[in-house]
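# Observations on the three-dimensional arrangement
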Amino acid sequence: MMDSLIAIAAITGTVGIYAAAVYIYKKFNSAFTIPIIIATVIIIAILLAFQVPYDTYMRGGEWIDHMLGPAIVALAYPVYQRRRILKKLLVPILSGTILGAGVGVSTGVLLAKWAGVDQLIIHSLAPKSVTTPVAMAITDTLGGATPLAAVFVMIAGIGGVLISSTVMKYFRITHPIGRGVGMGSASHAIGTATIMEQNQLAGSVSTIAMVVSAVVVSVITPGLVAVLM
């Protein structure tokens, strides 16, 4: 009975906090006020303030976590709507995504190695630019720490959203195809959901880039890490 009450409290609390975060985002539209950032900060603050263990929170939070799969699948609808345009641009989208996946893995590993980071952390950091389930599976194969991998995925996603406008402005990336490939291959679902609000074509491209990147990173990461380490 107690477990059920904790689960219900975790679910309703998370949904309520996210709804409040969405309201804040609509009132103060900014890269720093996107709901995922505000909601995450508030939930962490509450758990720390009341000393609630993560495992206790996840008795209900895991049900929300299970919705990640259907949420990703829902992104396929805009892709279907623009399938004709995307079919014509398939080659540049795929080539850009594959290049981005390779750069994302190699730069992360090389920078971490240069900084003298422990091998366990490097193995957890390598697949940071793909969705959480894929990153955790790759990290497990490499012998890294899957909880760390999940943290790095969140950092990559949120960090990409925060700096994307500055980076794209500096390099004059204005075309929705280029913006979509960049966000999908670097910031996975968080970046895709954010750019979808700005431009649906860019969001559709980002969805494809996110899926292709997950496949490519799964294949190349073990080899790249072995070579670069």
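Residues numbered from 1 in each chain as written. Predicted model: local features only at pLDDT ≥ 70, side-chain atom pairs only at ≥ 80, totals over all residues. Heavy atoms only, no water.

## Remarks on the overall build of the protein chain
Per the secondary structure count, the protein chain includes twelve helices and zero strands. Ordering the α and β elements of the protein chain from the N terminus gives α-α-α-α-α-α-α-α-α-α-α-α. Relative to the 2.2 N^0.38 estimate, which gives 17 Å for 229 residues, the radius of gyration of the protein chain is 18 Å and therefore close to what a compact globule would have. Dimensions along the principal axes, computed over C-alpha positions, put the protein chain at roughly 55 × 40 × 30 Å. Expressed as a percentage of the 229 residues in the protein chain, the buried residues total 41%. Taking all contacts inside the protein chain whose residues are at least 6 apart in sequence as the whole, residues at least 24 apart take part in 64%. Within the structure as shown, the protein chain displays about 12900 Å² of accessible surface, and the carbon and sulfur contribution to it stands at 71%. (Helix = DSSP H or I, 4+ residues; strand = E, 2+ residues; numbered from the N terminus. Rg over C-alpha atoms; globule rule 2.2 N^0.38 Å. Buried < 20%, exposed > 50% of the residue type's maximum accessible area, 1.4 Å probe, protein only. Contact = heavy atoms within 4.5 Å. Areas by Shrake-Rupley, 256 points an atom, 1.4 Å probe, with all protein chains shown as cover.)

## Considering the environment of Gln 200
Turning to its location among the elements, Gln 200 is positioned in helix 12 (residues 200-228). A residue is classified by how much of its surface remains accessible, and Gln 200, at 37% relative accessible area, is partly exposed. C-alpha of Gln 200 to C-alpha of Gly 180: the two residues are 20 residues apart in sequence and 9.4 Å apart in space. If we ignore the near neighbours within four places in the chain, the residues touching Gln 200 are Gln 81 and Arg 82.

## Focus: the nonpolar core
As a rule of thumb, nonpolar side chains are buried together in soluble globular proteins. Residues Leu 86, Ile 93, Val 109 and Val 205 are the most contacted members of the largest nonpolar core, which totals 27 residues. Going through the elements one at a time, helix 7 (90-114), helix 8 (119-125), helix 9 (132-142), helix 10 (146-170), helix 11 (176-198) and helix 12 are the ones with two or more residues in this core. Here this core gets nine residues from one element, more than from any other, and that element is helix 12. Setting aside chain neighbours within four positions, we find Val 205 in contact with Leu 86, Ile 93, Ile 177, Gly 180 and Val 181. In terms of nonpolar packing, the next biggest core, distinct from the first, is built from ten residues, Tyr 25, Ile 158, Met 183 and Ile 195 among them. (Core = buried A, V, L, I, M, F, W, Y, C linked by side-chain atoms within 4.5 Å.)

## Examining the UniProt feature "transmembrane region" (unreviewed entry) in the protein chain
Taking the numbering used here, the UniProt-annotated feature "transmembrane region" (unreviewed entry) corresponds to residues 6-25, 32-51, 63-80, 89-112, 148-168, 180-196 and 208-228. Taken end to end, residues 89-112 comprises 96% helix and 0% strand; its first and last C-alpha atoms sit 35 Å apart. In this annotation, residues 208-228 is assigned 100% helix and 0% strand; the end-to-end C-alpha distance for the span is 28 Å. (UniProt positions renumbered as here; feature names shortened; annotations may be inferred.)

## A look at unusual backbone geometry
One non-glycine residue, Arg 172, lies in the positive phi region at around 55 degrees. Structurally, the position occupied by Arg 172 is in the loop between helix 10 and helix 11. Exposure remark for Arg 172: the relative accessible area of 73% places this residue in the exposed category. One non-glycine residue, His 188, adopts positive backbone phi at about 40 degrees.

## Brief notes about the environment of Gln 119
With respect to the secondary-structure elements, Gln 119 resides in helix 8. Residue class for Gln 119 comes out partly exposed when judged on its relative accessible area of 46%. When the C-alpha positions of Gln 119 and Glu 197 are compared, they lie 38 Å apart, and in sequence the two are 78 residues distant.

## Thoughts on empty space enclosed by the protein
Per the counting criterion, the structure on display carries one cavity of 30 Å³ or more. Size it by volume and the largest cavity reaches roughly 40 Å³. As for the largest cavity, its lining consists of Gly 100, Ala 101, Gly 104, Val 105, Ala 126, Ser 129, Ser 185, Ser 213 and Val 217. Breaking the lining of the largest cavity down by element, the ones donating at least two residues are helix 7 and helix 12. With four residues, the single largest contributor to the lining of the largest cavity is helix 7. Classifying every residue of the lining of the largest cavity by side-chain character gives four nonpolar, five polar and no charged. (1 Å grid on protein atoms, 1.4 Å probe; cavity = no way out; pocket = protein on both sides within 12 Å on 5 of 7 lines; lining within 4 Å. Points joined across faces, edges and corners; volume = space filled by probe spheres on them. Nonpolar A, V, L, I, M, F, W, Y, C, P; charged D, E, K, R; others polar.)

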